Amino acid sequence: MRRQQTIAGPAMCAGIGVHSGAHVRIALMPAPVDTGVVFVRADVKAVDNVIRAHADSVSETRNCTTIRNASGAELATIEHLMSACAGLGVDNLIVEVDGPELPILDGSSAQFVAVLLNAGLKVQHAQQRVIRILEPIEVRMGAKSAALLPSNGYDGLELDVTIRFADAAIGVQRRHVALSPESFLSDIADARTFGFMSDVDAMRAAGLGRGASMENTLVVDAGRVVNPEGLRFEDEFVRHKMLDAIGDLAMAGAPICGRFVADQPGHALNARLVRALLDTPEAWRFEYESAPETGREAAPMFAAVG
């Protein structure tokens, strides 16, 4: 059974918000057991500025995942840091932010991973609690679908993701990954966010994408990738959708043990699936090494989750 983890010491990084265009600094600090990931808007003084990274806090899913607390303090584009935490197994973290959005950095989770690893990971005394999927949970948005299914034997999160785009630079891509720190680092963390040149004007008019550039976004235009360095992976697009999904699923409040199967996922669909999960307590249970928590009576004992 893995124990909870935080970071060994404080760390900092800074960059531009991809949508706001604002320069923002973040400070990452160790947190006690059972804290989860908690964001603090350091620039907000008049009201409660603490926002918990949980499905209950999600306020917007257009082009990114945004969270808000009851006082109205809000923070956008948290998914890439959340993905880095989930991928590395960082359970408890306090993140102070001096702006409205986390920095996009290079558009992937790679630089967040570097910051976390440079700070060092610290194993804590409490056991990690996981969400074990017992029955299928599925949501749909038109032709898009996402499901959480019971595990086929892997004690962790498996992802099977398909994306479909008309643009020939992407087309149909599918990838399967059994998530572990090793697979996250090798297969997912470096995959960058992407967008289409044809959408730039509409996004800017909507107040989005003000900090986007080819330094932090894969740009697709009429069947080709415009970035001079090209792709990091042949299927970088579907890998980034996996990266986003890992961050969004982390909003369940505990690692998920089961299979995530999605066709054309996005932040809105991912958030809807997590909400459906939490609203269907009979379809899952919490597990520890000694005994699971469950809403069902006389639930059988399960072995430790590694």
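Each chain carries its own residue numbering, running from 1 in the written order of its sequence. Local features in this predicted model are restricted to residues whose pLDDT is 70 or higher, and side-chain atom pairs enter the listing and the counts only when it is 80 or higher, whereas totals over whole chains, interfaces and linings include all residues. As a rule here, side-chain values come from all non-hydrogen atoms in the structure, and water together with hydrogens is ignored.

Colleague: I keep staring at the overall build of the chain and nothing clicks. Help me out?
Modeller: The number of helices and strands found in the chain is six helices and 20 strands. Here the C-alpha atoms of the chain give a radius of gyration of 19 Å, agreeing with the 19 Å that 2.2 N^0.38 yields for 306 residues. C-alpha extents for the chain along the principal axes are approximately 60 × 45 × 35 Å. Counting every position in the chain, which comprises 306 residues, the buried fraction comes to 53%. Only the protein chains shown count as cover for residues, and the accessible areas themselves come from Shrake-Rupley with a 1.4 Å probe. Carbon and sulfur atoms form 51% of the exposed surface of the chain, whose accessible area is close to 13,100 Å². Only DSSP runs of H or I covering at least 4 residues are called helices, and only runs of E covering at least 2 are called strands; the numbering of each starts at the N terminus. Atoms counted for the radius of gyration: C-alpha only. Globule rule: 2.2 Å times the number of residues to the power 0.38. For the exposure calls, accessible area comes from a 1.4 Å probe over protein chains only, and a residue counts as buried if that area is under 20% of its type's maximum, exposed if over 50%, partly exposed in between.

Colleague: Can you help me understand the confidence of the model for the chain in this one?
Modeller: When pLDDT is low, close inspection of the predicted coordinates is not appropriate. When pLDDT is averaged along the chain, the result is 92, and 94% of the positions lie at 70 or above. Values of pLDDT, which run from 0 to 100, indicate the predictor's confidence residue by residue. Contacts were defined at the residue level, with two residues in contact if any of their heavy atoms lie within 4.5 Å. Across residues 289-306, where pLDDT falls below 50, the model places 37 contacts with residues more than four positions away in sequence or in other chains.

Colleague: Is there a simple way to think about the sheet that holds strand β16 (residues 194-196) in this case?
Modeller: Across a sheet, paired strands are connected by hydrogen bonds in the backbone, their directions being either parallel or antiparallel. Pairing between two strands requires that DSSP report at least two bridges joining them. Judged by pairing direction, the sheet is mixed, and its three strands sit side by side in the order β16-β17-β18 without closing on themselves. Taken across any chain shown, the strands that pair with only one partner, and hence form the sheet edges, are β16 and β18 (224-225). The sheet contact formed by strand β17 (residues 218-221) and β18 spans two bridges and is antiparallel. If you follow D221 over to β18, its bridge partner there is R224. Think of each axis as a best-fit line through the C-alpha atoms, taken over the contacting stretch in the case of a helix, with angles from 0 to 180 degrees between the N-to-C directions. Packed onto the sheet, helix α5 (residues 236-249) meets β16, β17 and β18 and runs at close to 130 degrees relative to β17.

Colleague: Could you clarify how one ought to interpret the pairing of strand β19 (residues 256-263) in this entry?
Modeller: A regular strand places its side chains on the two faces of the sheet in alternate fashion. Of all eight residues making up β19, six are buried, and the element is well covered by its neighbours. When strand β11 (residues 130-133) meets β19, the two strands line up parallel, connected through two bridges. Bridged to R132 within β19 is C257. The sheet contact formed by strand β13 (residues 144-149) and β19 spans five bridges and is antiparallel. What sits directly across from A146, in β19, is A262. Pairing of strand β14 (residues 157-164) with β19 involves six bridges; the strand directions are parallel. Bridged to L157 within β19 is G258.

Colleague: Is there a simple way to explain the side chain of N92 in this structure?
Modeller: Along the chain, N92 falls in the loop between α1 (79-88) and β9 (93-97). In this structure N92 comes out as buried when scored by relative accessible area, which is 1%. Among residues more than four places away in sequence, those in contact with N92 are Q4, Q5, T6, I7, A31, P32, V33, D34, T35, G36 and Q124.

Colleague: Would you mind showing me how to read α1 here?
Modeller: Counting buried positions over the ten residues of α1 gives nine, a clear majority of the element. Within the sequence span of α1, burial applies to E79, H80, L81, M82, S83, A84, C85, G87 and L88. Positioned one or two residues after α1, G89 has a phi angle of 85 degrees, which is positive.

Colleague: What is the right way to read a nonpolar patch on the surface from this model?
Modeller: Nonpolar side chains collect at one region of the surface, where L117, L121 and L185 lie side by side and expose about 220 Å² of accessible area between them. Within the element layout of this structure, L117 appears in helix α2 (residues 110-119). Patch membership needs two things, relative accessible area over 30% and no salt bridge, and members are linked within 9 Å if like-charged or within 5 Å if nonpolar (Val, Leu, Ile, Met, Phe, Trp, Tyr). Any carboxyl oxygen of Asp or Glu that lies within 4 Å of a side-chain nitrogen of Lys or Arg is treated as forming a salt bridge with it.

Colleague: Before we go on, may I ask you to explain the environment of P265 in this structure?
Modeller: Locating P265 in the fold gives a position in the loop between β19 and α6 (267-278). On the basis of relative accessibility, which here comes to 3%, the residue P265 falls in the buried class. When the C-alpha positions of P265 and D244 are compared, they lie 9.1 Å apart, and in sequence the two are 21 residues distant. Sequence-distant contacts of P265, that is, excluding residues within four places in its chain, are made with V161, T162, I163, K241, F260 and N270.

Colleague: Would you mind going over the sheet that holds strand β6 (residues 58-60) with me for this structure?
Modeller: Taking strand neighbours across the sheet as the criterion, the three strands line up as β6-β7-β8 in an open arrangement whose pairing is antiparallel. In the strand order of this sheet, the two ends are held by β6 and β8 (74-75), each with one partner. Taken together, the two bridges between strand β7 (residues 66-68) and β8 define a ladder with antiparallel strand orientation. Each bridged residue has a counterpart across the sheet, and for I67 the counterpart in β8 is L75.

Colleague: So what exactly am I meant to see when it comes to α2 here?
Modeller: Given 3.6 residues to a turn, an α-helix orients residues that are three or four positions apart in the same direction. Buried within α2 we find A110, F112, V113, V115, L116 and A119. Once α2 finishes, G120 follows within two positions and takes phi at roughly 90 degrees, a positive value.

Colleague: So what exactly am I meant to see when it comes to unusual backbone geometry here?
Modeller: Most of the time, phi is negative for any residue but glycine, and the peptide bond is trans. Not every positive phi belongs to a glycine, and D34 is a case in point at roughly 65 degrees. For D34, the location among the structural elements is in the loop between β3 (23-30) and β4 (37-41). Phi at L105 is positive, roughly 55 degrees, even though this residue is not glycine. Tracing the backbone through its elements, the reader meets L105 in the loop between β9 and α2.

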